[in-house]
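What follows is the residue order along each chain.
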Amino acid sequence: MIFWKRTVPLALAFFFGVLMIVQYFIPHEWFENLLDTMARWGQIVGAFGLVVGIASLTHSHYFKIKRRVPGWGYSIVTLASLVIYVVIGFLTECDDSPNAPFGWGYLYILMPMQASMFSLLAFFVASAAYKAFRARTIEATVLLIVAIVVMLARVPIGSYIYENIPRIGEWIFAYPNMAARRAIMLGVALATVATSLRVIVGIERSYLGGGD
Amino acid sequence: MRWLIIGVIVAAAFLLLAEETRQPGRLILPEKFEAKDYPNDAGQQILLVWSASPGDNTNLDEIDKRYKKSVEGRLNEWKNRIRDIVSGYPDAEGFAFDMEKELLKQVVEREPKIVYEIYISTKKDAPEPERKLLKQIESNEMSNLQKSKPAVFGKHPSEPFAHFFVVNVERVFCAEEAGKVDEIKSFLLDQFQIRDSLQANKMARINAEEEHLKLRAMLKLLEEAKGSEQVEKYNLAYWIEEMISEKNMALVEQLGETRQKALDLAFVELPKDATVGEKVVRLQRALENSLISSGIVYKSSQLGYYIRKEILNKVDEMERLLEAQKEETQKSIAVLYEEAKKMDVKVKLLDRLVEVFATDDSYNLFRECAMRMASDAKQLAGAIDGELQKKEEKIKAAEEAKHRYDAFVRIKGALIERIYSTCERLCGGTGQSADIASLRGALKNAEAEFADVYSDLAGAVILYRLSADGEKFMSEATINPEEQLAGILGIQQHPTEELSTIAGFIKMLSDKLSYKPEEGLSYSVFDIFKGNLSESFRLIERQAEALESLARKDWFKGVSNGVFVPKAQAAAKAVKDKYNLLVEKKRKELKEAEKSLEEKRGSEFYFYLAMCRVDGEQVVERQWYKEVAAARAKTEWFNTNRINNLFFCVLLSVLVLYFIGHARRNPHMFIRKISGLDAVDEAVGRATEMGKPVFYLTGLGGMSDLPTIASVNILSRVARKVAQHDTRLRVPCYDPIVMSVAQEVYKEASTAVGRPDAYREDDVFYVTSDQFSYAAAVDGMMVREKPATIFLMGYFYAESLILAETGSTTGAIQIAGTDAYTQVPFFITTCDYTLIGEELYAASAYLSREPMLLGSLRGQDIGKAIFIIAIVIGTVFAIAGWDILQLLFTEY
């Protein structure tokens, strides 16, 4: 059992991890083809993953309806939408044109709903900004001042107040902001290497479940 | 001392000579020109490198500087002279400034440009005519290295004075062979689609046969029904609808005619000896025609209105356009006049300058420049004049167009008026026109006439009832009311029906024909008529269906007799055989083409380098580099360009592995405190106390993304704590594969702490793979279930704030971790603890406290220290102008 649940996955992770590292340094056609093949495998496995996902979704919502858990009405809507859309897709051969039911549903139902969710972001940003800019500490005060300058740099009134404000805004973006970003990116890159190594050599096994 | 003076003189002479050799305009060939395989690909590219010799004079900036320096003294003198000469003229300053700029530009432009040319051939020592020009390269030309490009050019990153040129062998030398391979491949790919379409064709063929039979049945039906009233009625109604939808002018005329025809038909006089039946038929027709007419009138009026509106709109639009065009042209003419004026002054000034310097030989260059500029200015002035003339002509043309358009509008207006009056006439103006009145009169007459007919008919019925031999009477009376009425109403009746039925028909007819003057000829009447027509059409359809089913029977007979299917099958088989043969043949061709491409790609190619002096587009001098560079593109087993990557990869790996080993020996290693991870126990404990679930979100990445792997690792640690505290853990997933892994991780973690019962499969579930749908669903769950703790670990996009802010409003403790630096600020503001960037990857090790994992963190930190040192040193080097560190970190 341990062999199948531990040894084989670890061996596979080690083998393919090392293979992919080696592939990066070998420009041979064989390795390029191998990379393409692996990418295709990924896509195929991903497609089968959807079946698992739909099974989980159906199972979870079916039991919500069955047990009448609070909000079970939403589960009916979810399952009905799933079935109806699949049926429409099969009947219309997934015709994406706006006049076909399949395309229409996407364009006039899903897209506006997604846009509504996205537009909520504006209000949440306002709320988050309020939290961040309450000048309780020196750091928060600095943040507030910098934020005001950057905001003014982005609107025409900024240059009316002081002509160099856009330039200051650009400078903040190009230097302090970029420096902080790159610091994070550099740290992430190193951490990525270390994590990859841990996974490849089998020290990090948490993704397999038990961990130790 | 003497030797020193001689030495100084010799050195000065040498320097002068060296400067002379650097004089622009001289072609100095590079010292080295090499071609070699470019190791960054699978044997498809060749790298050309040639040094820029010390005398390289392709740098335009250098030329510019040298020229400016050499002409500086003279330029200043000329500038002063110019200012003296032009001082009295209007806008003298501006002119002087322009003149100086032009002068400098022309002086620089006088230097012929020097470029490199790369020629290629598949033959060694190919004579000049057989060499093919691949690219002419100007100084400072750069492009990005992309495989899709046939050749790219740049400066060699490690040799600042070397030129760097990458040639894609397949695209440059083997375009024909590669094209053939692509063509065959795409042909073969198409064949799969063709094969599929063949299957479809087979079915389509059978369907077409069936359709053909249907059509034949319909045609037969129509032929039989030809001349019958039903068909005519249907055709007429259809025609009206069709014509109205087209909204054309001719329709109005035609409608008028149709209406007239309808009226003629309705009110043509009956002979005096007409039978009762004929009268009934005529009466029916009269009414129907009148209804058609009313419909036509109504539609005509509508149509007239639309046409009128459209034309008027068009006229307005055209007028606006013409006005705008005229205004714009007038503005540009004003601008051009201004320019022409300025140019005129400039030409005069330049002529004056040429005149002044005509006799002074020391100003030869300047005179030439001034002459050239004068000539240019004259040309420009001429061009402006030409443009002005064109604009004026355009204005004239616009005015003419306006006149023409006015005429057109007048004609159109008249036409519209005519249409409108036609429509009004057809509509009967306010509804009281002569036509309508006459129609009403005629209908009244028809009504009276019907009363006569009705009484005649009623008399006939009474007589029939009285008579013992009714049939004889009817034949004598030469009427067959049953047949006549049945024909009119389109209803088939059995000839032996009771006469009471006839009376019923007469009543029906009477109802149908009853005319109510107060209702007028309204549209609803037309609707009734259209309804009747539809009924008739349905009748035809029913008949057609009957015939069709008959045809179907024939068709099935055809099938059973093996007429269509075997035929289609045979045809399909023939095509399939042909297809197989063709595919086989093409596959062979593909193999050959690939072989020939492979051979050609691996052969040796030759490159020739030339330096040219170019005047405009013309090459005035070309010198060939004496050596021919030859190279063969081959598949490499190691990409030498990535040596630096390999070096850092090995260095970091060794560091990490060393510290892992070190940690085994020394398990108590210090790791800095990460408060977000210290709070995990507190957060889970809080959930236990409150009896509420813990939410864990793995972000929007798939299992192939490292942040998600890191997140799943943290999930394992969190799941253990949750299972130990007997709290509920809910994991809504964005990706089905992540869900499967998370389920397994949760299950194993629960088992590992001896609480397998803590794992509930339903608690790790798939939501959706759509970003905002996922955010909406998880927000909903947060609001309904009010979790005590929320973990947001992984890669997040714009939904991060939506999730975190909603979580914050539910009062949950939130611990977030992401390496998406754009989302970090949102988490910091809305969550209680945030793991920034690399901390996400350290979390699993930190939580587990396993020495080996902690060792890798130490290795990572040492790597970071190395990079910090490199950054500091690199900054110093960059300030000093040394790019050695930059080269070390550049992939090329």
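This section reports on the structure supplied with the text. All figures in this text were calculated on a predicted structure; none of them were measured in a lab.

**What about the overall build of chain B?**
Summing up its helical and strand segments, chain B has 25 helices and 15 strands in all. Looking at chain B as a whole, 42% of its 892 residues are labelled buried. Long-range pairs, those at least 24 residues apart, make up 72% of the contacts in chain B between residues at least 6 apart in sequence. Within the structure as shown, chain B displays about 48200 Å² of accessible surface, and the carbon and sulfur contribution to it stands at 55%.

**Here's the deal with the nonpolar core**
Residue and element names in this part refer to chain B. Counting 61 residues, the largest nonpolar core has Tyr696, Ile714, Leu729, Val731, Phe791, Met793 and Ile815 as the members making the most contacts within it. By residue number, the principal contributor to this core is helix 18 (residues 706–725), which donates 9 residues. Look past the residues within four positions of Val731 in its chain and what remains in contact with it is Tyr696, Thr698, Leu715, Ala742, Asp763, Val764 and Phe765. Counting 33 residues, the second largest nonpolar core, distinct from the first, contains Ala35, Ile118, Ile120 and Val169.

**Remarks on the side chain of Thr195(A)**
Mapped onto the fold, Thr195(A) is located in helix 7 (residues 165–201). Polar side-chain contacts of Thr195(A) include one of 2.7 Å to the backbone oxygen of Ala191(A).

**Side note on the pattern of salt bridges**
Taken as a whole and judged by the stated rule, the model has 21 salt bridges over all chains. Members of the salt-bridge network, linked through shared partners, are Arg728(B), Arg730(B), Arg760(B), Asp763(B) and Glu785(B).

**As for unusual backbone geometry**
One non-glycine residue, Cys94(A), adopts positive backbone phi at about 50°. Along the polypeptide, Cys94(A) turns up in the loop between helix 3 (72–91) and helix 4 (101–133). Since its relative accessible area comes to 43%, Cys94(A) is described here as partly exposed. Within the chain, Lys786(B) stands out as a residue other than glycine whose phi angle is a positive 45°.

**Examining the packing of helix 4 of chain A against helix 21 (residues 799–809) of chain B**
One way to put it is that helix 4 of chain A packs onto helix 21 of chain B with a least axis distance of 9 Å and a crossing angle of 60°. Taken together, helix 4 of chain A and helix 21 of chain B sit at an angle that is classed as oblique. Crossing of helix 4 of chain A against helix 21 of chain B: the hand is left-handed. Between helix 4 of chain A and helix 21 of chain B, the residues in contact are Met117(A), Leu121(A), Phe124(A), Val125(A), Ser127(A), Ala128(A) and Lys131(A) and Leu801(B), Ile802(B), Glu805(B), Thr806(B) and Ser808(B), respectively. Its residues assigned to classes, the contact of helix 4 of chain A with helix 21 of chain B comprises 7 nonpolar, 3 polar and 2 charged.

**Quick look at the packing of aromatic side chains**
This structure, assessed with the given rule, holds 22 aromatic pairs over all chains. Ring geometry for Phe15(A) against Phe16(A): centres 5.2 Å apart, planes inclined by 80°, an arrangement best described as edge-to-face. On the accessibility criterion, Phe15(A) (48% relative accessible area) is partly exposed. Aromatic side chains Phe173(B) and Phe607(B) sit 5.7 Å apart centroid to centroid with 85° between the ring planes, which places their arrangement in the edge-to-face category. Of the two residues, Phe173(B) sits in the loop between helix 4 (169–172) and helix 5 (175–225) while Phe607(B) sits in strand 7 (residues 604–615), which places them 434 residues apart along the sequence.

**Things to note about the sheet that holds strand 15 (residues 833–836) of chain B**
Residues and elements named next belong to chain B. Spatially, the 6 strands line up as an open sheet ordered 12-11-10-13-14-15, and their pairing is parallel. Edge positions in the sheet fall to strand 12 (764–766) and strand 15, since each of these pairs with one other strand and no more. Across the sheet, the axes of successive neighbouring strands diverge by a mean angle of 15°, strand direction being ignored. Summarising the sheet, strand 11 (residues 729–733) and strand 12 pair through 3 bridges and their orientation is parallel. Across the sheet, the residue bridging to Val731 is Val764, located in strand 12. Set on the sheet, helix 21 makes contact with strand 10 (694–699), strand 13 (789–795) and strand 14 (813–818); between it and strand 14 the angle comes to about 165°.

Thresholds, definitions, all that
- Per chain, residue numbering runs from 1 following the sequence as it is written.
- Written order decides the labels, with chains lettered from A and ligands numbered from 1.
- Local features in this predicted model are restricted to residues of pLDDT 70 or higher, and side-chain atom pairs are both shown and tallied only at a pLDDT of 80 or more, whereas totals for entire chains, interfaces and linings draw on every residue.
- The basis for the side-chain values is all heavy atoms of the structure; hydrogens and waters are excluded.
- Put simply, DSSP marks the helices as runs of H or I at least four residues long and the strands as runs of E at least two long, and each gets a number from the N terminus on.
- Burial classification: accessible surface area is computed with a 1.4 Å probe over protein chains only, and a residue below 20% of its type maximum counts as buried, one above 50% as exposed, and the rest as partly exposed.
- Any pair of residues with heavy atoms lying within 4.5 Å of one another is described as a contacting pair.
- The Shrake-Rupley method, run with a 1.4 Å probe, gives the accessible areas here. Residue values count only the displayed protein chains as cover.
- Only buried residues count toward a nonpolar core, which is a set of Ala, Val, Leu, Ile, Met, Phe, Trp, Tyr and Cys residues joined through side-chain atoms within 4.5 Å.
- Here a polar contact is taken to be a pair of N or O atoms separated by no more than 3.5 Å, where protein atoms must pair a possible hydrogen donor with a possible acceptor and residues adjacent in sequence count only if both atoms sit in side chains.
- A pair is scored as a salt bridge if a Lys or Arg side-chain nitrogen falls within 4 Å of a carboxyl oxygen belonging to Asp or Glu.
- To obtain each axis, a line is fitted to C-alpha atoms, and for helices this fit is confined to the stretch in contact; angles are then taken between N-to-C directions over 0 to 180 degrees.
- Comment on the angle field: the value is read as roughly parallel under 35 degrees, roughly antiparallel over 145, roughly perpendicular from 65 to 115, and oblique elsewhere.
- A clockwise turn of the near helix away from the far one marks a right-handed crossing, whereas an anticlockwise turn of less than a right angle marks a left-handed crossing.
- Under the convention adopted here, Pro, Cys and the residues Ala, Val, Leu, Ile, Met, Phe, Trp and Tyr are nonpolar, Asp, Glu, Lys and Arg are charged, and Gly plus all remaining residues are polar.
- Centre distance within 6.5 Å is the pairing criterion for rings of Phe, Tyr and Trp, where only the six-membered ring of Trp is used; planes under 30 degrees apart are then read as stacked, over 60 as edge-to-face, and the remainder as tilted.
- Two strands qualify as a pair provided DSSP detects at least 2 bridges between them.

Worth remembering: the numbers are spatial, not functional.
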